[in-house]
Structure formats: C-alpha cells, structure tokens
Amino acid sequence: MKKTNKIIYSIIFICIMSCDSYIDIVPDNVATFDLVFNNRANAKKFFYTLYGYLPHFSDVNSNIGLVGGDEVWTHQTWDGMRLSIGEQSKANPIYNLWGNGGRLEPHVALRDCNIFLNRISDVRDMTEDEKTRWIAEVKFLKAYYHFYLLKMYGPIPIIDENIEVSEDVISVRIERDGVDEVVDYIVSVLDEAIENLPPRITLEGEELGRATKPIAAMLKAKVLAFSASPLVNGNSVYSSWTNNSGTPYINQTYNANKWTLAADACREAIDLAHEAGNNLYKFSTAYNLSEETITKMNLRGAITDRWNNEIIWGQANPTTNTIQNNSFARIDDEFSGSSSGQVNSYYSIPLHMAEIFYSKNGVPIEEDSSYDYSSRFDLKTGDEANKFYVKQGYETIGLHLDRESRFYASLAGDGILSYDVNNEADDTSLFVVDAKNGGMAGYLNERQFNQTGYWPKKLVHYKSAIGNNSFTAENYSWPVYRLADLYLLYAECLNEVSGPAAEVFQYVDDVRERSGLEGVQASWTASSNNPTKPSTKEGLREIIHQERSIELAFEGHRFWDLRRWFKAHVLLNSTSMRGWSYEKATAETFYNQVEYGVTEFSIRDYFWPIAEDDILANPNLDQAFGW
C-alpha cells in the first residue's frame, strides 16, 4: 500500500511560485486555483511551471555535479567549488534545497505537483486522454524531485499530499522516512507514470524535453541502482542514525536482490529506449575525414549534436552558451590576444582526470604492459602515428600520445588537435591547442585563463567559434540521460547480480566499440599486466566504474557515482588538484606540476546538512549524520 505523508505548509501562497519554507500550508486563496484550473490554457501554464523547477543541468550554479567533485577545477568561487574543498556547513548550507535556498526549491515543486494532481480533474475543456498524459508527467516529476532530494539528504519526508490549513499544529512536526520507504514510494509513482506516458515525443517542436516512457523508466533504473549501491544498502556506518523509534534510516542488512531489481529496471528502460528509436550515436559527415577524427566525433557528437538519438532525456533551456564559453580552448590563431576575450576558459580539468582515460589499447595506462607509464610526463614530440590527435613535430609529453580516442574527444590540451568548423571539410590541417603562456589558448589575463592546461572539449560543439571580440556558441540540448549511461548502468547491475557474464561484457563493449576499442576481455588479455582482472566480479566492477568515469566524464555523473559507490571519502579526501604551470612559456617550464587546490570529503559529506534554523523549528527532524 502506498505510503502517504501529509505535509503542512507554513506560509501563504503568493502568485503560485513563492515559498519561504520547506513546510508549507495549502494556500487558502481557493479563488486563485479556481481560475488556474478553470480552463486548459491556464492549467497548461501551471503545468509547465512544474517542469520549470527542474535543475538547469548545464549550469554550474544549478547542477552541483558539474564542479562539486574532482572532475573540474576553477579559480572562480562558485558554490560547487566551495563544496568540493570542504566548506559545507549546517549554519548556512551550500546548495540548500531543504529550506529557503532561493535556488531550485524542489519542496515548492512537490507542493505544486500535488495541487495540480488534486485539481486537474476540474478543467473542463480537456480530453481525458490529455489529462491522463499530464497526470503521468506530473507523477514523473514528483518522483524526480523526491529522488533529487534523496540523493542529497538521504532519508527525507515523503511528500505525497498537502495538508489543509485547518490541520492541528502537531501535524507540522514531520519526520524523515527511511531510505527504503522513499525508494519504494518513488518506484510506485514511476510505475503509475510509465503506464500512461507516451513512448516517444512526436510533436518535437513543442514537446522535446517532456517525460516519456523511456525517460521515466531510466529514472526508475537510477533510483533502484542507488538503492542497491553500497552507500545505502547495508551500510553499517549509519547504524546509529535512527528515527524516534530507534529504527535506522538506512537498512543495516545488505540485500542482494536490490541489484536484481535494478538490473530488471535497466533492462526495461533499454527495451523502451530501443523501441523509441534510441541508439548509440555515430557521427556522419559529407566530408572525407579520417577514421580517427570520425571516432573522436562519435563521443563528442553524442553530447553536442542537438537532440540526437542517443539522448533519452535532454534539456534545451537554459542554453549551453555559458558552459561552452567556460570550456572553450582558444584555437584559431587568426584571432589573437584581446580579440579572444569573450571566451573565459574557466573550466580546468585536473591532471588525475587526464590520466583516468585508457591507453590506445583500451586498458588503464598504469596497467598497459606496452605503455611507458613511468615516462608519461617526459617531453615527447608529436609523431606520424598520432598525427590526427597531436600535431606532428609539436613538443608535448608522453601522456598526450598513444591514448584512446575518448581522451582526445573529451579533452583539449597542449599539442592536442581540435576538429573545428573552420576546418570542417579537411582534417589534415587541424587547429592545435597551444596552452603555454603566450600561446593562443594560454593565459590571457588574471580572470580569463585555464589553470591546469586541460579543457573539457567534449562539452563544446565543433561549430562554436570565436571571432573579433565575440564567441558564437552552436547550442545543443544538454544530455540529462543518454543511452551509453544506461548501458553501463545495466552492466554494473548485472555484474553485481551474477558476476562476469556475456551480457555484462556486451553492454560495456558496445560503448567501447563506438570509441574504436576492442572488447574488455580481448583488451585485457592482449595488453594488461593484470589479464585476469575481468574474470572476477570485483575486477569487472572496477573496470565498469572506470568506464563510467571515462564515458560520462564532465557531464555531472561522477559526482553522484562516487557517492553511491561509497568511494568519495577515499578518492576525494585530500585529493590534489594538479595541473601544469600556466604562467610558463616554454615546454620545459610549462610541464612542471603545480597543485592548485585540494578536495576535502569526509563521511558526513555524503548527505547534506539541514540548516540549524529548520532543525530548531521542528524538533522531530533529525540532522544529517555527522552534522
């Protein structure tokens, strides 16, 4: 039976979208809602505001996953950067989405979703089929907003209904619900939504970005994978974090069946995605390009080719102009110095992320028996074998040579070539990134520069370009969910269920094949100094985790993956954010490692603290573990 928590709301409703508290009364101005739900036109406006509460996934101030972990470093003082260096606090929480954070306010979204579901039947000039679809979409949004809060705060109150103003004050003092209860609730709402959502969007000009069966099914898969993961599946660290009756919020008994449920959900989502026409993106062009360039563009295009078939759920607003501006390495030497000032280049990728990508043989560089790992930072010169990746004759380092195509598709760095709209028809004379001081991509001024010497090229459309004091971004739909993510998630869940098996390798290998790599077993047998690694559940788990970090790099997924895997306190604790000496002008001086900062992460950082004021207002509301 579906669990219902009645949540009382503590302010008066003003103009539909204002709120001052996590706990809020159902507004008493019924006449306002009589107007809203009097006809389809007004109800539609309200309906679209429910989508408007979604995070702006391509915005660093809205999507904490972009810069809140260890994938990106910047000299800007964004909230995500403050979080990554351990400045979270309960006095004034960073990314406070529990109380009046003034940002996304998912609690307001949930209130409005409940209002919509309670009143949509009042609209007279709508067909029942349309009402059914809208209801399913709003249920999807309710599930998403609950999951968004769950990932940040762990156990949360389930917001299934709003309480009337007349309810007594005792009802205000709500408690957290256990993680398993919240997961069960989200899954039940998604099951209801999936049944009545469309299989695909047909009116693309009007409706792209709205919920479909594959989107809701992939959300369900992610919820169940989260539930099965070590963070909340039998984690004894949280044994003392209990409700008022002494029951732990996080179940203390590991449940292997959760991985089976997650795998089944992934399989359902894959089937629905395939039926809707989703497939792994392959770059197509009318020009005669090398296989190397096309392979690089397979991954880059999967991100930046607007509404391509790999995207299961995309978001077109806000635009990607800002994130491209921050990720762009200046490459066209026709425009030099101050004429390139419209590009900020803030997004700096730390050295450890450049090292996480495989060698050209498809295995980690520290495992590749033929890769000169100990000399990877020594000066080398671009050669014939790497001519479509690194400029021939350019003095760079060994780390930039003989790497997999996703390294070159994902990163811009010193000596690395970039396929660009200005040389779209011919990839034999590509632009080169000169990251040293005085180089085209190098230090511009104290505000507009890249600290580490690496940019996330995969986030930049190849037709975006600088001009005379201008930057023109070719905007794209941000890939919130894409098929490669789902394939790797399915492989992860299957491996946890039964260990290495043909179907596990199939879905990892499909993603690798798109990037020109051999399958996992073939690559490890031929090139790794640990050839039996894929033959055990533990070894294959490590491989799949690294595949996710490579394939989904800089898209905001690693931030959450490290948390659900319960690895963040190990990998992000005192992690050095290293890069090259951006102030230096020669290869000998530029290629000296500099530490630009350190990430800090402790056990308490897995879940956001609730502001002290909110805790004082409700003595039944427990503070997050460790805070």
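Since the model is a prediction, treat every value here as computed from it, not as a measurement. Within every chain, residues take consecutive numbers counted from 1 along the sequence as written. Only residues with pLDDT of at least 70 get local features here, since the model is predicted, and only at 80 or more are side-chain atom pairs given and counted; chain-wide, interface and lining totals rely on the full set of residues. Only hydrogens and water are removed before side-chain values are computed, so all heavy atoms of the structure are retained for them.

Turning our attention to the overall build of the protein chain. Working definition: helices are DSSP H or I runs of at least four residues, strands are E runs of at least two. Numbering for both runs from the N terminus. The number of helices and strands found in the protein chain is 21 helices and 14 strands. For a compact globule of 627 residues, the expected C-alpha radius of gyration is about 25 Å, and the protein chain comes in at 25 Å, within 12% of that figure. For each residue, the accessible area found with a 1.4 Å probe, counting protein chains only, is set against the maximum for its type, and the residue is called buried under 20%, exposed over 50%, and partly exposed in between. Looking at the protein chain residue by residue over its 627 residues, the buried ones come to 61%. Only heavy atoms enter the contact rule, under which two residues are in contact if any of them lie within 4.5 Å. Pairs at least 24 apart in sequence give 71% of the contacts found in the protein chain among residues at least 6 apart. Note that accessible areas follow from Shrake-Rupley with a 1.4 Å probe, and for residues the cover is restricted to the protein chains shown. In the form shown here, the protein chain has an accessible surface area of approximately 23,000 Å², with 47% of it arising from carbon and sulfur atoms. Of the charged side chains in the protein chain, 57 are positive and 86 negative, and the gap between their average positions amounts to 1 Å. The reference for a compact globule is 2.2 Å times residues^0.38; the radius of gyration itself is calculated from the C-alpha atoms. We score Asp and Glu as negative and Lys and Arg as positive, and we do not count His or the chain ends. Where a charge lies is defined by one atom per residue type: Lys uses NZ, Arg uses CZ, Asp uses CG and Glu uses CD.

Next up on the list: the confidence of the model for the protein chain. Mean pLDDT over the protein chain works out to 91, with 92% of the residues at or above the 70 mark. Each residue gets a pLDDT score, which is the predictor's confidence in that residue and runs from 0 to 100. In this model, residues 1-28 is a region of pLDDT below 50 whose contacts with residues beyond four sequence positions or in other chains number 97 contacts. Every residue in residues 168-172 is under pLDDT 50, and counting partners more than four places away or in other chains gives six contacts.

For the bond running from Asn317 to Pro318, omega is 5°, close enough to zero to count as cis. Tracing the sequence through the fold places Pro318 in the loop between β3 (311-315) and α11 (321-327). One non-glycine residue, Ser345, lies in positive phi territory at about 60°. Mapped onto the secondary structure, Ser345 falls in the loop between α11 and α12 (351-356). In this structure, Ser574 is a non-glycine residue whose phi angle is positive, near 60°. With respect to the element layout, Ser574 can be found in the loop between α19 (568-571) and β13 (575-579).

Attention now moves to the pattern of salt bridges. The salt bridge definition used is simple: a Lys or Arg side-chain nitrogen within 4 Å of an Asp or Glu carboxyl oxygen. Within the structure shown, the criterion is met by 45 salt bridges. Across the salt bridge formed by Arg82 and Asp79, the nearest N and O atoms sit 3.1 Å from each other. Within this pair, Arg82 and its partner Asp79 are both found in helix α3 (residues 79-84), separated by three residues, close to a single helical turn. The partner of Glu551 in a salt bridge is Arg406, and the shortest N-O contact between them spans 3.2 Å. With a gap of 145 residues between them, Glu551 in helix α17 (residues 537-551) and Arg406 in helix α13 (residues 405-410) connect regions that are remote in the sequence. Here Glu551 matches Arg406 in class, with each residue buried. The structure contains a network of salt bridges with shared partners spanning Glu310, Glu404, Arg406, Lys458, Arg482, Arg512, Arg514, Glu547, Glu551 and Glu555.

This part takes up the side chain of Arg376. For Arg376, the location among the structural elements is in the loop between α12 and β4 (379-381). Sequence-distant contacts of Arg376, defined by excluding residues within four places in its chain, comprise Glu355, Ile365, Tyr371, Ile397, Gly398 and Leu399.

Within the element layout of this structure, Phe431 appears in strand β8 (residues 431-432). According to the relative accessible area criterion, Phe431 is buried, its value standing at 17%. With 13 residues separating them along the chain, Phe431 and Ser418 place their C-alpha atoms 5.4 Å apart. Contacts of Phe431, omitting those with residues within four sequence positions, involve Ile331, Asp332, Ile416, Leu417, Ser418, Asp420, Asn422 and Asn423.

Another aspect to go through is the packing of aromatic side chains. In this analysis, rings of Phe, Tyr and Trp, with Trp reduced to its six-membered ring, are considered paired at centre separations within 6.5 Å, and the interplanar angle assigns stacked below 30 degrees, edge-to-face beyond 60, and tilted for intermediate values. Per the stated rule, a full pass over the model turns up 47 aromatic pairs. Where Phe47 meets Phe116, the ring centres are 5.8 Å apart and the plane angle is 35°; that geometry is what we call tilted. One end of the pair, Phe47, is in helix α2 (residues 40-52); the other, Phe116, is in helix α4 (residues 106-119), and 69 residues separate them in sequence. Phe47 gets classed as buried once you look at its relative accessible area, which sits at 0%. For Phe116, a relative accessible area of 0% puts it in the buried group. Measuring from ring centre to ring centre gives 5.8 Å for Tyr582 and Tyr596, while their planes differ by 40°; the resulting arrangement is tilted. Here Tyr582 is found in the loop between β13 and α20 (587-590), whereas its partner Tyr596 is found in strand β14 (residues 594-599), with 14 residues between them in sequence. Relative accessible area serves as the criterion here: at 13%, Tyr582 is assigned to the buried category. Assessed through its relative accessible area of 19%, Tyr596 is described here as buried. Clustering of aromatic rings is evident, with ring pairs tying together Phe33, Phe37, Phe46, Phe47, Tyr48, Tyr51, Phe116 and Trp134. For the cation-ring pair, Lys151 lies above Trp560, with the distance from its terminal atom to the ring centre recorded as 4.4 Å. We call a charge positioned above a ring when the Lys NZ or Arg CZ atom is no farther than 6 Å from the ring centre and deviates by at most 35 degrees from the ring normal.

Whenever a helix is involved, its axis is fitted only over the stretch in contact; in every case the axis is a line through C-alpha atoms, and angles between N-to-C directions fall within 0 to 180 degrees. Between helix α9 (residues 257-275) and helix α14 (residues 483-498), whose axes approach to 8 Å, the crossing angle comes to 150°. The angle between α9 and α14 places the two elements in the roughly antiparallel class. Considering the relative orientation of α9 and α14, their crossing is left-handed. For the pair α9 and α14, the contacting residues are Trp259, Thr260, Ala262, Ala263, Cys266, Arg267, Ala269, Ile270, Ala273 and His274 in the first and Leu483, Leu486, Tyr487, Leu489, Tyr490, Glu492, Cys493, Leu494, Glu496 and Val497 in the second. Residues belonging to the contact of α9 with α14 are distributed by class as follows: 15 nonpolar, two polar and three charged. Working definition: roughly parallel below 35 degrees, roughly antiparallel above 145 degrees, roughly perpendicular at 65 to 115 degrees, and oblique for all remaining angles. A clockwise turn of the near helix away from the far one marks a right-handed crossing, whereas an anticlockwise turn of less than a right angle marks a left-handed crossing. Throughout, the ten residues Ala, Val, Leu, Ile, Met, Phe, Trp, Tyr, Cys and Pro are labelled nonpolar, Asp, Glu, Lys and Arg are labelled charged, and all others, Gly among them, are labelled polar.

What follows covers α9. Compared with an ideal rise of 1.5 Å per residue, which puts 19 residues at 27 Å, α9 spans 27 Å between its outermost C-alpha atoms and is within 8% of the ideal. Those residues of α9 that fall on the buried side of the exposure criterion are Lys258, Trp259, Ala262, Ala263, Ala265, Cys266, Ala269, Ile270, Leu272 and Ala273. Where α9 is buried, its residues meet α6 (179-196), α8 (213-228), β3, α14, α15 (502-514) and α18 (558-564). Once α9 finishes, Gly277 follows within two positions and takes phi at roughly 95°, a positive value. Helix span, as expected, comes to 1.5 Å for every residue beyond the first.

Take the environment of Phe335 next. Looking at the secondary structure, you find Phe335 in the loop between α11 and α12. In this structure the C-alpha to C-alpha distance between Phe335 and Val570, which are 235 residues apart in sequence, comes to 44 Å. With near-sequence residues (within four places) excluded, Phe335 lies in contact with Ser340, Met440, Ile466, Gly467 and Asn468.

With that settled, consider the pairing of strand β12 (residues 478-482). Here β12 lies mainly inside the structure; five of its five residues are buried. At least two bridges found by DSSP between two strands are what make those strands a pair. For β3 and β12, the ladder comprises four bridges, and the chain directions are antiparallel. Paired with Gln315 across the two strands is Trp478, which belongs to β12.

Looking now at the side chain of Asp332. Among the structural elements, Asp332 can be located in the loop between α11 and α12. Buried charged residue Asp332 carries no salt bridge. Nearest counter-charge: Arg330, at 11 Å. Setting aside its immediate chain neighbours within four residues, Asp332 contacts Asn422, Phe431, Met440 and Ile466.

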